[in-house]
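Okay, here's what each chain looks like letter by letter:
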Amino acid sequence: MKKKLVFKNFSIYFDQYLFISITLLSVMGLFFLYSASQGDLNTIIKQSIFVGLGLVLMFALSQPDPDFYKLFSGLFILIAFTLLIATMIFGKEINGAKRWLNLGFFSLQTSEIIKIALPIFLASYLYNKPLPISLKHTFITLFLIILTFYLVYSQPDLGTGLVVFMAGIYILFLAGLSWRFILASFGLIILSLPFLWNNFLQPFQRQRILTFIDPSQDPFGSSWNITQSKIAIGSGGMSGKGYQEGSQAHLNFLPEAETDFIFAVIAEEFGFIGVCLLISIFIFILIRCIYLAFNARDRFCRLTIGGLSLVFASTLFINLGMVVGILPVVGMPMPFISKGGSSLLSFYIAFGIIISMATHKKLMQK
Amino acid sequence: MIDLEERFIEKKSFFSRLVIVYLFFGFLFIFFLYTTYSLQVYEYDDYEVAALKNKTKEVLVQPVRGIIYDRSGNIIVNNVPSYDLIIKPSKIKNPDNFIFEISKIIDIDKDNLDYVLENFSLKANYNRELILKRNLSQEEIAKFEVRGYKFPSAFIDVRYSRHNNYPKLFSHATGYVGGVSNDELVDILDSQSLSQIETIFKYSNGYQIGKTGIEKSYDKKLRGKFGKKIYEVDASGKLLKEVDFIPPLDGDNLYTSLDINTQQIAYDQMNNRRGAVVAVDLDSGAIVTYLSTPSFSANEISNGISKKSFDALLNDNNKPFFDRASQGRYSPASTIKPAIGLFGLDTKLIDWDFSITDPGYFVLPEDQRIYRGWKEGGHGKVNLNKAMVVSSNTFFFSLAYKSDVNELINFLSNFGFGEKVCLDCFNPDQGLLPNPEWKMNNLNFGWFKGDTVNMGVGQGYLSATPLQLAYYASVLANMGKQKKLTFIKKGNSNNEMDLPVKNISNLDWKRLHSSMIGVIESPIGTAKRLQELKNFKVAAKSGTVELVSTQTKEDYEIIRQNEGNRDHAIIIAFGPMPNPKYAVSVVIENGESGGSVAGPVAIAVLNSLVKE
């Protein structure tokens, strides 16, 4: 149940279901990461700090009234854009990609911020527009979405770019985008696919998609990762090899075991049973989000909860789909589990805002 | 702002759209779970194997070759250990310091040190070993035993090298081992269902294979089977721990019929002259002496020889690498006469009483061509017995003249001429038993009667190897029965040949033997000089192979100025008579006299064999 605890001078806004399940996921995440990092205490301590910080942040961000977010959504997105542009200029370059902004104590992956700021801003823009959304508003929204996508994509970070793009589209769709427009744009997208393929994808991205379609093209090139990931998952069997017993992860066959491919480590060590238990927690969170969206106090809250929960669902599915080989390899962490501060914090922030949207009732309804 | 009704519509629209998106994700998650289920449950077996294959690495362990013994159980070819100092780079933190410390005990030469330092970090990363010094001396081993406790990451390991204890005596008989070509390696590994992977060597020279002689013929038996060490590895290929060890199956030892003492005597007797000696145990067909001279050191070829010495051997006019015993082709010359005589008896062209008058030459009726004997004026009246003892060419010319050439050729083939007589000799030549068809195909000439006449005294196109001559001698000694030759001590119970004769009795054989004894014992015998050398009665037939045809003794004196033109000396012999145990053939190139040059070698070999 969503709760509003009323004290003498102030109220506390809190959703025990989301709070408990997210805390549970975070603790499990630390436990899995300990194995995936081969018992590297440094990694665990760093990640624990982020988890603690994240839980506090989530709680804190649940407290302001949704109107606060609505009011300042323009400021948030401005800050987010400024950070993105600052990254383009001052960013740390790692492996040919500029995704991180050095804040001294911590490197911030700025695309993780826009991933949250964009849907909130779009919700605040669209919540009072009549149905169906007019062409003018549709195009303004689309322009903003594509601009944001392009900024993230050009870092380059196709994975996060896609999530940002989808986040915007979810809001637009949920806000009441006309079906006629949807059908028309589907047609257009299909027609322009060859153009996009040739002009927007980097050669290595094209290669990834090609090897995804036909993995036999290069067994030790870009699909090496996916082959090793499948071996790790498959060899886990029904009940797994046991905690810290996964040979694929512990003998370094599995690449990116702490980040993108941590699910393969879990599947190898805990088997299909472990996978089902873990996934059921994620599904519980998502179902709780639908419930909260249905009971939210107004259109802005509904849109925000719906949009942010779908960002969460998309990230999760892109990660899982990539690890089991049903989607091409695009860098995407597993929410609350993978190593990495920015991604972790962004989801605590998202759920803090979701809880705020869900627990605050309109004053006039009192 | 939107009104209440619109708000209701908006809420409905939002809910249905959220449900659509969630349903879409629902399908995706079901698909994801289905995929995971397939991987972990349906395809579990495949992936379990794949994961196991990923983390295991097999390394071959070389087997040690079998030892080659002589017939008395003395070792001819052995594996001699050398001791190498090995280090484990992955266990050494500071290589420079380590080498500085260990250099105080064991002196390390600079070339190897450079190699070690260059490869140090690579070997450390993959957890492999490095040889710091090869062939430690006794003193170095002793020093390391005392102070080695300071270096737990270094140890002494045994590596073998193939060593022939009599490298010059048996260079052709046992042959030598050498490095293996890639194709040979693939074949060997294929035959053991293995593939080419990293190998832990037991030999300092790496992979080895028999190249010649017994090492080659019995390579499969001597070689053994590779073992395997199975390690757990990580993704970089670094060895983590040994999981399993299947020890190699060392090669079988080989108990040969060779006799070291007799081989030594034959070698000394040959005294580096060009030629060959082959002796056979008559009971089993086992080869007891197998020598080709001049010789070379089998060890140098196996384990290293300077290019200069190798080139010297290769360019030596005496061709030390050439195995005269099984590849040298020589005309049998007069040694063929017992076989021709037997043919005459078998076909009833002659009997023991039949005689002719030998004027010293034979005139071919067809073209009046003259075929000369070795003695001017001839031997007078000769029967078969006297013709053998004095080696009358005229008698055998006229006998061959009366023979049907095809019958004669067929008869000779049963003595091993033109045939494969050895079961396990390395690359033996089959000599040449010519026939009319062969002559037409190869020389474009028809068969002349003169060719048959020449064959009667073992000259012309007919040629045989010393190995074949030894076989031929043993057929004569065993009265027509003989097993194929072999190097194995137990010989072979099968493969016994029975000479297909129609009209030759035991008595005929006895008389033939006594004629051959007469070659030595008779005061007119061609090898009477051997009387003083022998310890028992020996049957023999000597031969002198004419390389250049001359009409007179004076002509021969001229051509013999060139050593290469001098006649080859040949003898076949067996003894002790009347119950012979061994047969021997000796060829000495350009030795001139079968009886007095090749004969002493044959007698020395027989004396030695019988004494043992």
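See the structure shown above.
First, a word on what this report is: a plain description of the structure on this page. (Residues numbered from 1 in each chain as written. Chains lettered and ligands numbered in written order. Predicted model: local features only at pLDDT ≥ 70, side-chain atom pairs only at ≥ 80, totals over all residues.)

### A closer look at the overall build of chain A
Here is step 1: Along the backbone of chain A there are 13 helices and five strands.
Here is step 2: By the compact-globule yardstick of 21 Å for 366 residues, chain A fits well, its C-alpha radius of gyration being 21 Å.
Here is step 3: By its C-alpha atoms, chain A is 60 × 55 × 40 Å across when sized along the principal axes.
Here is step 4: Within chain A, the proportion of its 366 residues that are buried is 49%.
Here is step 5: In chain A, 70% of the contacts between residues at least 6 apart in sequence involve partners at least 24 apart. (Helix = DSSP H or I, 4+ residues; strand = E, 2+ residues; numbered from the N terminus. Rg over C-alpha atoms; globule rule 2.2 N^0.38 Å. Buried ≥ 20, exposed ≤ 12 C-beta atoms within 10 Å, placed from the backbone. Contact = placed C-beta atoms within 7 Å.)

### Some details on the sheet that holds strand β20 (residues 539-545) of chain B
All names here are of chain B.
Here is step 1: As summarised here, the arrangement of the five strands in space is β13-β12-β22-β21-β20, forming an open sheet in which the pairing is antiparallel. With partners counted over all chains shown, the strands left at the sheet margins are β13 (286-293) and β20, one partner each. Taken over all neighbouring pairs, the strand axes of this sheet differ in orientation by 5 degrees on average, direction set aside.
Here is step 2: The sheet contact formed by strand β12 (residues 275-281) and β13 spans seven bridges and is antiparallel. (Pairing = 2+ DSSP bridges. Axes fitted to C-alpha atoms, helices over the stretch in contact; angles between N-to-C directions.)

### Re the pairing of strand β10 (residues 239-246) of chain B
Residue and element names in this part refer to chain B.
Here is step 1: Two elements, strand β9 (residues 227-233) and β10, share six bridges in a ladder whose sense is antiparallel. Note on β10: the bridge partner recorded for I230 is D244.
Here is step 2: Joining the antiparallel neighbours β9 and β10 is a turn of five residues, in which G237 adopts a positive phi near 95 degrees.

### Brief notes about unusual backbone geometry
Residues and elements named next belong to chain B.
Here is step 1: Here G575 and P576 are connected by a cis peptide whose omega angle stands at -5 degrees.
Here is step 2: With respect to the helices and strands, P576 occurs in the loop between β21 (568-575) and β22 (582-588).
Here is step 3: Of note, the amide linkage connecting M577 to P578 takes the cis form, showing an omega dihedral of 10 degrees.
Here is step 4: With respect to the helices and strands, the residue P578 is situated in the loop between β21 and β22.

### Observations concerning the packing of helix α9 (residues 224-236) of chain A against helix α1 (residues 4-42) of chain B
Here is step 1: At a minimum axis distance of 6 Å, the contact between α9(A) and α1(B) shows a crossing angle of 65 degrees. The orientation of α9(A) relative to α1(B) falls into the category roughly perpendicular. Pair α9(A) / α1(B) crosses with right-handed handedness. Contacts between α9(A) and α1(B) involve A:K230, A:I233, A:G234 and A:G236 from the first element and B:T36, B:L39 and B:Q40 from the second.
Here is step 2: The residue inventory of the contact of α9(A) with α1(B), partitioned by class, reads two nonpolar, four polar and one charged. (Parallel < 35°, antiparallel > 145°, perpendicular 65-115°, else oblique. Left-handed = near helix turned anticlockwise from the far one by under 90°. Nonpolar A, V, L, I, M, F, W, Y, C, P; charged D, E, K, R; others polar.)

### Re the interface of chain A and chain B
Here is step 1: Of the residues lining the interface, 38 residues belong to chain A; the matching set on chain B comes to 36 residues.
Here is step 2: Residue assignment for the side of chain A that touches chain B shows that the elements contributing at least two residues are α6 (158-176), α9, α10 (247-250), α11 (262-294) and α12 (299-324) of chain A.
Here is step 3: At nine residues, the largest contribution of residues to the side of chain A that touches chain B is made by α12(A).
Here is step 4: Residues belonging to the side of chain A that touches chain B are distributed by class as follows: 23 nonpolar, twelve polar and three charged.

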